[in-house]
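# Commentary on secondary and tertiary structure
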Amino acid sequence: MNRLQKIYSYAEPNTTLVVVMGGLGYPVYYWVWQYLFTQPYENLWLRLLCSLLVFVLAFRDVMSNKLKKFLPHYYLFAIGFCLPFFFSYMMLMNNWSDVWVLSFMSSIFLHILLVYDTRVMLLHAFICVVAAGLIAHLQLEGGIQLAEHVVYLPIFAFTYLFGNLFYFRNQTEHEAKFSIAKSFGAGIAHEMRNPLSALLSSFEVIKGIIPNGNSSYRNTYQLNAQEIQILNDLVDDSMKVIWTGNETIDLLLTSIDQNRVSTSTFCKHHAHKVVENAVNSFGYKNASESRLVQVDIESDFEYLGSDTLLKYVIYNLLKNAFRHRGTSKFTISLKAKRTADGNSILVRDTGQGIEPDLIKNIFEDFYTTGKNGTFGLGLSFCRKVMMSFGGNIECRSVYGEWTEFELKFPDYSSNKISNIKFDLMKAKTLLYIGDEDSRVGAVIKRISLEADMNLTSITLSKAAAREEHQFEFNLIIIDGELDRHGWSLMSRLEGKLGFTEARIAFIHDENATRNLYFQRYVDIELYSHQDFINSPRDALDYLMFDELKVDMPIQSYNEISTKRTVMIVDDNHSLRSITSIMLEKQGLHVIQAENGKVALSTLEQEDVDLILMDIEMPVLDGLTTTKMIRESNASYASIPIVGYTGDKSEETVTKINEYGMNDFIVKPTPKDELIDKVATWI
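None of these values were measured; they are calculated from a predicted model. (Residues numbered from 1 in each chain as written. Predicted model: local features only at pLDDT ≥ 70, side-chain atom pairs only at ≥ 80, totals over all residues. Heavy atoms only, no water.)

So, about a negative patch on the surface. Residues E481, D509, E510 and D531 make up a contiguous surface patch of negative charge. In this fold, D531 is placed in helix α18 (residues 529-534). Overall, the relative accessible area of 43% leaves D531 in the partly exposed class. (Patch = residues over 30% accessible without salt bridge, like charges linked within 9 Å, V, L, I, M, F, W, Y side chains within 5 Å. Areas by Shrake-Rupley, 256 points an atom, 1.4 Å probe, with all protein chains shown as cover. Salt bridge = Lys/Arg side-chain N within 4 Å of Asp/Glu carboxyl O. Lys, Arg positive; Asp, Glu negative; His and termini not counted. Charge placed at Lys NZ, Arg CZ, Asp CG, Glu CD. Helix = DSSP H or I, 4+ residues; strand = E, 2+ residues; numbered from the N terminus. Buried < 20%, exposed > 50% of the residue type's maximum accessible area, 1.4 Å probe, protein only.)

Turning next to empty space enclosed by the protein. One pass over the structure, following the stated rule, counts two cavities of 30 Å³ or more. In this structure, the second largest cavity spans a volume of roughly 30 Å³. In terms of lining, the second largest cavity is formed by E468, H469, E472, F499, D663, F664 and K677. Split by domain, the lining of the second largest cavity shows at least three residues from each of two domains, domain 3 (428-545) and domain 4 (565-680). (1 Å grid on protein atoms, 1.4 Å probe; cavity = no way out; pocket = protein on both sides within 12 Å on 5 of 7 lines; lining within 4 Å. Points joined across faces, edges and corners; volume = space filled by probe spheres on them. Domains from an automatic or database assignment.)

With 70 residues, the main nonpolar core has I332, L334, F389, L407, F409, I477 and F532 as its most contacted residues. Ranked by residue count, the leading element in this core is helix α11 (residues 307-323), at nine residues. Counting only domains with at least three residues in this core, you end up with domain 2 (267-409) and domain 3 (428-545). Setting aside residues up to four positions removed in sequence, L334 forms contacts with V275, V279, V293, Q294, V295, D296, I297, I314, L318, L346 and V347. In terms of nonpolar packing, the next biggest core, distinct from the first, is built from 50 residues, L4, Y26, V32 and V115 among them. (Core = buried A, V, L, I, M, F, W, Y, C linked by side-chain atoms within 4.5 Å. Contact = heavy atoms within 4.5 Å.)

The strand order β14-β13-β15-β16-β17 describes an open sheet built from five strands, whose pairing is parallel. With partners counted over all chains shown, the strands left at the sheet margins are β14 (589-593) and β17 (663-666), one partner each. In this sheet, neighbouring strand axes are inclined to one another by 20 degrees on average, regardless of whether the strands run parallel or antiparallel. Pairing of strand β13 (residues 565-569) with β14, which is carried by five bridges, proceeds in the parallel orientation. Across the sheet, V569 pairs through a bridge with A593, a residue of β14. Where helix α20 (residues 573-584) meets the sheet, it contacts β13, β14, β15 (610-614) and β16 (641-645), and its direction lies at approximately 170 degrees from that of β14. Where helix α24 (residues 671-681) meets the sheet, it contacts β13, β15, β16 and β17, and its direction lies at approximately 170 degrees from that of β17. (Pairing = 2+ DSSP bridges. Axes fitted to C-alpha atoms, helices over the stretch in contact; angles between N-to-C directions.)

Structure representation (structure tokens):
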């Protein structure tokens, strides 16, 4: 299946051309060979069937998700039937005429270009040609006359074999560049996650030591209330930067891996806020550099996309501007303007400019002007980002004077944005928790069918019994018509939702007596039941794409008040130490181990109540260590093990469960979530 998916994904950019050429070419060439240059054999119905097969691919973008799953299989069948099968069959039926021998040679080149995988393509060609030969042999009087035409077979084999080898070398070189970029990004992510985790944990410890503004502190603290507020604000801002950095890593790795921009987090944003935040948080070398940047975004506008990705674009343009600033007076200005079909952000610098013959290439992958430390991926990725927003990026420059990049955004209310939203909704997953026969359940079922969304419906009792990792959806809607038992289940469910990244909506009656004290460590959007029933499409659009109102969650319920032993297994010394401090402040006894081998040795000597286990470690990794613990006959075989990982992909979560871990948390983990998770298991 992976091979088929890869073949289809590589051919997809040319599929429209295939549809046009095949849909028109087969009937047109019937007229050519039947009337203009008459051939011994022609078959109109076979040609029309070929046209129909490729014409189906024209509707690939409007197919339902269920049908799209079979597109790679259908594509391989259609190409096999229309190229090697059709042309070899027609060549045999025309008794190896020169016209059809050359036509079959042409089909070989097209077949090589349209079926990427060499082994699949050769097997594909063999099956199709043999099938065509058998059918032609049965239809021809006296069968196929192979002996006198066998001279062609080595030529066909040579073309297929060496054409594939040459094409394979080109594809290997192309993929190698993206492999380098992927490895480069993966290396950065691996090296950055542990320091970020240690830094986050350090800030958590600092925040635990520094009193908040409402604390009553004695002379031990030589800080006044204003200084305390400043320090707390500094810690909060620093932690936000860390979260933004981790989100950027996730988005960039996803985009490099899939060779496209990840649209999973797209929602409505205000341009002024995002641009201002990007300019203020950019890594200037010194204070004087920051004064060279002027922001004038008076005409604010809304756009559909990612704030993190737009900040990345701004970062990249600022970095390039400073790198090519030249020796004359230098400034950078960012302005917004209204255009005929949307809005634009103009990023203009008075640097050395770009030579006219270079501008046309700057958005190409791996194109670089030769500056040290550049990989030629920045501007090409910026273009992918802007195109994913439904817009574009353009560059104008006068060499030696200035350079201006224009970021173009379509109107948020435009048809283009509506189409993007519709496509995004088809790719999103929706979990409805409640009674399917209720008014809310019926409405959700109807609009999910209309939008072709992937809907999962479960009752509140079944949801409360699920594991935390089973809530990986884009949107979770909870029916808030609850009785006393329902509120009890809601309290349990809310504890399971603390680690999902889904947007969560609670559809409730604003006038009903209720208990809404469930926002302990997760943000839940309260949405009017009446508004949802009256305008479900607007409600779904808001819940999927708008900036939701965020209230600060209050502290979690779980506290640790018992003397238990926790073992932290992690190869990062700083992270182990800081995590140990946080847990020891809760009264826990903490044991540290730098890898799985040390952990196994420690378990033979110490009684441990819970293990926090890193996944990736030298000597013996976390998954293998967990498996060895579970398969042992020792008393510690059933100790709860919580995976500590920076990778929350479905593949990793599956492995965590398969190898015997009870649960997992994602690095970097805030103190409250860490303590709450530990308290859950001890």
